[in-house]
Amino acid sequence: MSYITKVESWLKNNTYELEKFMDLQSLEILKKKNGYSVAVVIPTLEEEGTIGFVLECMIEKLIYKYKIIDELVVIDGGSKDKTREICYNFNEVLFYDQNNILKNISRNKGKGEALWKSLYVTKSDIIIYVDSDIKNFDERFVVGILGPLLYNDQIKFVKGFYKRPYIGSEGSITNEGGRVTELCARPLLNILYPELSGFIQPLGGEYGGYRNILENIKYTSGYGVEVQTLIEIYEKFGLDSIAQCNLIERQHRHQPINSLSKMSSAILQTILRRHLDSNILNSGIFIKNLIKENNKFVKSRSEEQLHCNCSGENLDNNNFKYANINETELPNMSEVKRLDFNEII
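Residues numbered from 1 in each chain as written. Predicted model: local features only at pLDDT ≥ 70, side-chain atom pairs only at ≥ 80, totals over all residues. Heavy atoms only, no water.

1. Thoughts on the overall build of the protein
How we decide: The secondary structure listing takes helices from DSSP runs of H or I that are at least 4 residues long and strands from runs of E that are at least 2 residues long, numbered from the N terminus. Using C-alpha atoms as the atom set, the radius of gyration is obtained and then compared with a globule rule of 2.2 Å times the number of residues to the power 0.38. Summary of the burial criterion: residues with accessible area below 20% of their type's maximum are buried, those above 50% are exposed, and those between are partly exposed, where the area comes from a 1.4 Å probe applied to protein chains only. Every residue pair with non-hydrogen atoms within 4.5 Å of one another is taken to be in contact. Note on areas: these come from Shrake-Rupley sampling with a 1.4 Å probe, and a residue is covered only by the protein chains present in the view.
Within the protein, the regular secondary structure consists of 12 helices and 13 strands. For 345 residues, the compact-globule formula gives about 20 Å, and the C-alpha radius of gyration of the protein, at 19 Å, lands near that figure. Oriented by its inertia axes, the alpha-carbon framework of the protein measures out at about 65 × 55 × 55 Å. Per-residue burial for the protein yields a buried fraction of 56% across its 345 residues. Sequence separation of 24 or more characterises 77% of the internal contacts of the protein that already satisfy a separation of 6 or more. Only carbon and sulfur atoms are counted for the fraction: they give 48% of the accessible area of the protein, which is about 15,400 Å².

The following block contains the structure:
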């Protein structure tokens, strides 16, 4: 069977539509029948404009109206805005400072480390990751990931996919969102992992799976985490253990192009490290010397967030700034949990 035939078969059998799971009462009953607990983990870094709305929706619909979420966890990467204060307003939210978890094991900045550390502070059977910058958030971003896990015993990990409109500074809308996916990740996955070609949003931030799967794969510390977890599960558990679900559309602010250069570097390092000697991979990158102000269309993070903002070290040449993107591979959480307690606090 050629890989094209296999991908087409996978697309037919492992791609789900959202409406199958939007009867929340039935989903709650199935969850209870199966005896599973569910944690939703939200990594934050300066998302004061959306985090309150995201939390309100989940608390109202998925904690009180329907008993679907058992743990609602925010892992913050060092926000300099009001993200922390907003989260403190919700008694239902377990809020953690990323730097205070497993600080003797890992002190990397980055989204991937936040997700990895969440495995240490949660206890639920199923972990669902949801980004905190979604403007049109509703319960579908959780139940679309949970549904295939509950309805199909063969599925161990689910990725969300959606349309990603690109909203320009003038308010113009095109269907060209997901620039890093289309220009960086998708071509390289097609070259090196052709059986993963069927994932519509391989870098999407809404995904989840069973704890016994996630604790036995290696995460990476930064923006490479989405592609890393996908490849790890594919290699260790097989393509048929993974599904994707249509979450319709995701609206969010877009990042400046030089921030996306940093993101692309992290993703390329993550994939190429599996095929090349890591000693020959350069973690430094010259980015365009371009500053964009934070506004309702553009997500430009504060000056301190050098791992993901649009800034860098000054160079003699005014065309560029320099940044070091240190995408670190993190050990299986199952191995960390076997360490002596005094080694990990």
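On we go from here.
2. Observations concerning the sheet that holds strand β12 (residues 313-314)
As a reminder of what qualifies: At least two bridges found by DSSP between two strands are what make those strands a pair. What counts as an axis is a line fitted to C-alpha atoms, over the stretch in contact for a helix, and the angles between N-to-C directions run from 0 to 180 degrees.
Spatially, three strands are ordered β11-β13-β12 in an open sheet, and the strand pairing comes out antiparallel. One side of each edge strand has no neighbouring strand; the edge strands of this open sheet are β11 (284-288) and β12. Sheet strands in contact with helix α10 (residues 257-272) are β11 and β13 (320-324), and its direction is about 160° off that of β11.

3. Comments concerning the packing of aromatic side chains
Threshold: Aromatic pairs are defined between Phe, Tyr and Trp rings, using the six-membered ring for Trp, whenever the two ring centres lie within 6.5 Å; interplanar angles under 30 degrees are classed as stacked, those over 60 as edge-to-face, and all others as tilted. Placement of a charge over a ring requires the Lys NZ or Arg CZ to be within 6 Å of the ring centre, with the centre-to-atom vector within 35 degrees of the ring normal.
Within this structure, the stated rule accounts for 12 aromatic pairs. Ring geometry for Phe-286 versus Tyr-322: centroids 6.0 Å apart, planes at 80°, classification edge-to-face. Within this pair, whereas Phe-286 is found in strand β11, its partner Tyr-322 is found in strand β13, the two being separated by 36 residues in sequence. Across the ring face of Tyr-207, the terminal group of Lys-159 is positioned such that the distance to the ring centre comes to 4.4 Å.

4. A few points about the sheet that holds strand β4 (residues 93-97)
Pairing within the open sheet is mixed, and its eight strands lie in the order β1-β10-β6-β9-β5-β2-β3-β4. Bordering the open sheet on either side are β1 (15-17) and β4, each of which pairs with just one other strand. Each strand axis lies, on average, 25° off the axis of its neighbour in the sheet, ignoring direction. Pairing of strand β2 (residues 38-44) with strand β3 (residues 71-76), which is carried by six bridges, proceeds in the parallel orientation. Within β3, the residue paired with Thr-44 across the bridge is Asp-76.

5. A closer look at the pattern of salt bridges
Rules: The term salt bridge refers to a pairing of a side-chain nitrogen on Lys or Arg with a carboxyl oxygen on Asp or Glu at a separation within 4 Å.
According to the stated counting rule, one finds 18 salt bridges in the structure shown. Note that Lys-6 is salt-bridged to Glu-195, the shortest N-O span being 3.6 Å. Pair noted here: Lys-6 is in helix α1 (residues 3-14) and Glu-195 is in the loop between α7 (179-192) and β9 (207-210), with a separation of 189 residues, a long-range link. Among the ionic pairs, Glu-113 bridges to Lys-117, the shortest N-O distance being 3.3 Å. In this pair, Glu-113 and Lys-117 are both assigned in helix α5 (residues 111-121), four residues apart and thus about one turn of the helix distant. Its relative accessible area of 0% is what places Glu-113 among the buried residues. Among the charged side chains, a network of salt bridges with common partners joins Lys-111, Asp-131, Asp-133, Glu-206, Glu-226 and Arg-250.

6. Section: the pairing of β13
In β13, alternate side chains face the same way, and those of Lys-321 and Ala-323 are buried while those of Phe-320, Tyr-322 and Asn-324 on the opposite face are not. Pairing of β11 with β13, which is carried by five bridges, proceeds in the antiparallel orientation. Paired with Lys-288 across the strands is Phe-320, a residue of β13. Hairpin connection between β12 and β13: a loop of five residues separates the two successive antiparallel strands.

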